[in-house]
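Chains, contacts and geometry: an overview
Spelled out, the chains give:
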Amino acid sequence: MNASRNPQLGRDGSLQHLLTIEGLPGEIIKRILDTAAPFTEVAEREVKKVPLLRGKSVFNLFFENSTRTRTTFEIAAKRLSADVINLNINTSSTAKGETLLDTVDNLSAMQADMFVVRHAASGAPYLIAQHLAATGRDHIHVVNAGDGRHAHPTQGLLDMYTIRHYKKSFADLTVAIVGDVLHSRVARSQIHALATLGVPEIRVIAPQTLLPTAMERLGVRVFHDMRAGLRGVDVVMMLRLQNERMEGALLPSTQEYFKYFGLTREKLELAKPDAIVLHPGPMNRGVEIDSAVADGPHAVILPQVTFGIAVRMAVMSMLAGG
Amino acid sequence: MSAAATRLPDAETLLSTLAEAMRPRIAEGAALVGVHTGGVWLAERLHAMLGLTAPAGSIDVSFYRDDFGSRGLPGGMRRSAIPFAVDGAHIIIVDDVLHTGRTVRAAINELFDYGRPRRIELAVLVDRGGRELPIAPDYCALDFPLPAGRTVVLARSDDGKLALNICDE
């Protein structure tokens, strides 16, 4: 693959794969959000389907379990009239690249049109896209549904759609991302998207042990005190505490985590009165977020899920339509 | 009128002609659905001129176009909005220019995803010929055959006045 060219974009600059938000031009991000808007209306019809991907085969290739993400991709593809094939491939951490590409070759031979890939290894969707390009199968598209600690672009995009829905513009916002940034592919996608869309102040609130090094290089302000970090923010983006990714004791206990970094009503009062609270789900109630906040008037967590389907429909139809 | 003519009649006059053609035949309770963008402008005006009670709907047929595979989705798409029950409704699709008939085909398909209409009719300001599907208007203000490669475009000025222009496709 030509290294100087963004591997996600075709020769004409159109979206060929969705692998990461990093490096994605702002116009493409805006185009995805604009395209998603009319798709939200499809869910309100008697027939919740449009014929854009009729006759296309979308393979959900999940090498790592995720019921929610897989389901939302499946619904999105089905509402576009695609045929959806779900493959939950439980692999050990020793899975080799060869196995992955063999799988891809086999499914390509079954006339796949799109792969939606979730993999524990960062870069797996890149590898697939690269392999498809190298073997002259440019007509097959890849969507990254979460790779390792690297990226989860559709989650980042649906978060941007949600923020734009409630705040209309990104131009004057202060946005705080709170929690386990170290293990979070969602946080990376969010930071790149917020920066590209022109959010003037992006804050990251986390304990030192859950922060990657050189966070400031991404253009964010780092806070270790949640109260200071939440002061005056328009948007609070909570992250899930990634229990399953914890290697070694990074935290004394979840109770202590909740005390310092859990979002409670009392802490949320430091944010702007019309602040919104996002969470990518699934939530750990009483660990990173209090139920009173999760079910409270500031939470837009369930609308995120609904918007997520429209955003994924937009991405898949933009890929298929070239 | 010959295809060579470059001057079109005034769009406002044509709109009045269209409204008068529809008035005697329009059923009680008929509902207009404008096709984005020109058709929506016309549907709004016709709705007021004809004193219809059912709210006018608007559709963007981009999700139903038959050239999606080659052209993809256009920019500037709108949400379709059908503010009445389609089941059993008498619907008049309103568009500015009728050409190949493919937009109307897409509009009919889209409407059926909202329910089963009792009847669908078609009202257009200009029929420029060049049909590729068996579709004909029920109401049309002007027959204006044009050669392939030429097109009629409806424009709306800031004060809401409509105008027709011929240009190359």
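Rules of the game
Residues numbered from 1 in each chain as written. Chains lettered and ligands numbered in written order. Predicted model: local features only at pLDDT ≥ 70, side-chain atom pairs only at ≥ 80, totals over all residues. Pairing = 2+ DSSP bridges. Helix = DSSP H or I, 4+ residues; strand = E, 2+ residues; numbered from the N terminus. Axes fitted to C-alpha atoms, helices over the stretch in contact; angles between N-to-C directions. Contact = placed C-beta atoms within 7 Å. Nonpolar A, V, L, I, M, F, W, Y, C, P; charged D, E, K, R; others polar. Parallel < 35°, antiparallel > 145°, perpendicular 65-115°, else oblique. Left-handed = near helix turned anticlockwise from the far one by under 90°. Domains from an automatic or database assignment. Expected span 1.5 Å × (residues − 1). Buried ≥ 20, exposed ≤ 12 C-beta atoms within 10 Å, placed from the backbone. Arc of directions from axis to C-beta.

Turning to the sheet that holds strand β5 (residues 174-178) of chain A, a few remarks are in order. Residues and elements named next belong to chain A. Taken in spatial order, the 5 strands line up as β7-β6-β5-β8-β9 in an open sheet, and their pairing is parallel. Each of the sheet's edge strands pairs with one partner strand only, and the pair in question is β7 (221-223) and β9 (276-278). Direction aside, the axes of adjacent strands within the sheet are offset by 20° on average. Here strand β6 (residues 201-205) runs beside β7; their pairing, made up of 3 bridges, is parallel. Within β7, the position partnered with R203 by the bridge is R221. Where helix α6 (residues 185-196) meets the sheet, its contacts fall on β5, β6 and β8 (235-238), and the angle it forms with β5 comes to roughly 170°.

With 14 residues of chain B at the contact, the number on the chain A side is 15 residues. Its residues assigned to classes, the side of chain B that touches chain A shows 6 nonpolar, 4 polar and 4 charged.

In this model, G281 of chain A is joined to P282 of chain A through a cis peptide bond whose omega is -10°. The topology assignment puts P282 of chain A in the loop between β9 and α10 (291-294). That bond from H36 of chain B to T37 of chain B is cis: its omega, 5°, falls within 30 degrees of zero. Within the secondary structure, T37 of chain B sits in the loop between β1 (31-35) and α2 (38-49). Backbone geometry places S81 of chain A, a non-glycine residue, at a positive phi of 70°. As for its position among the elements, S81 of chain A is in the loop between α2 (67-79) and β2 (83-88). Despite not being glycine, Q111 of chain A has its phi angle at roughly 65°, a positive value.

Residues and elements named next belong to chain A. Direction vectors running N to C along helix α1 (residues 26-42) and helix α5 (residues 153-167) enclose 65°, while the axes themselves pass 10 Å from each other. Considering the angle they form, α1 stands roughly perpendicular to α5. As for the relative orientation of α1 and α5, their crossing is right-handed in sense. Listed contacts from α5 to I29, I32, L33 and A36 of α1 are L157, M160, Y161 and R164.

Before going further, it helps to examine the environment of G146 of chain A. Residues and elements named next belong to chain A. Summarising the element assignment, G146 is placed in strand β4 (residues 141-147). Note: C-alpha distance between G146 and F62 (84 residues apart in sequence) is 9.5 Å. Filtering out sequence-adjacent residues up to four positions away, G146 remains in contact with S66, T69, R118, H152 and R185.

To continue, consider the domain arrangement of chain A. Residue and element names in this part refer to chain A. For chain A, the assigned domains are domain 1 (26-152 + 307-321) and domain 2 (153-305). Spacing between the C-alpha centres of domain 1 and domain 2 amounts to 26 Å. Across the boundary between the two partners, domain 1 contributes 21 residues, which contact 24 residues of domain 2. Listing elements by their share of the side of domain 1 that touches domain 2, those giving two or more residues are α1, β4 and α11 (301-321). Broken down by class, the residue content of the side of domain 1 that touches domain 2 amounts to 10 nonpolar, 7 polar and 4 charged.

Moving on: α1 of chain A. Here α1 of chain A spans 26 Å end to end across 17 residues, near enough to the 24 Å set by a 1.5 Å rise per residue. Listed in full, the buried residues belonging to α1 of chain A are I32, L33, T35, A36, P38, F39 and V42 of chain A.

Let's shift gears to the sheet that holds strand β1 (residues 57-62) of chain A. All names here are of chain A. Strand order in the open sheet formed by 4 strands is β2-β1-β3-β4, with parallel pairing between adjacent strands. Each edge of the open sheet carries a strand with a single partner, namely β2 and β4. Along the sheet, successive strands turn relative to each other by an average axial angle of 15°, direction set aside. Of the strand pairs in this sheet, β1 and strand β3 (residues 114-119) are connected by 5 bridges, and their pairing is parallel. Note on β3: the bridge partner recorded for F59 is F115. Of the strands in this sheet, β3 and β4 are in contact with α11, which crosses β4 at around 150°.

Let us look at helix α4 (residues 102-112) of chain B. Three- or four-residue spacings in an α-helix give side chains the same orientation, since the helix completes a turn every 3.6 residues. Taken together, the buried positions of α4 of chain B are occupied by T103, V104, A106, A107, E110 and L111 of chain B. Along the long axis of α4 of chain B, the arc covered by the buried residues comes to 160°, so they all point the same way.

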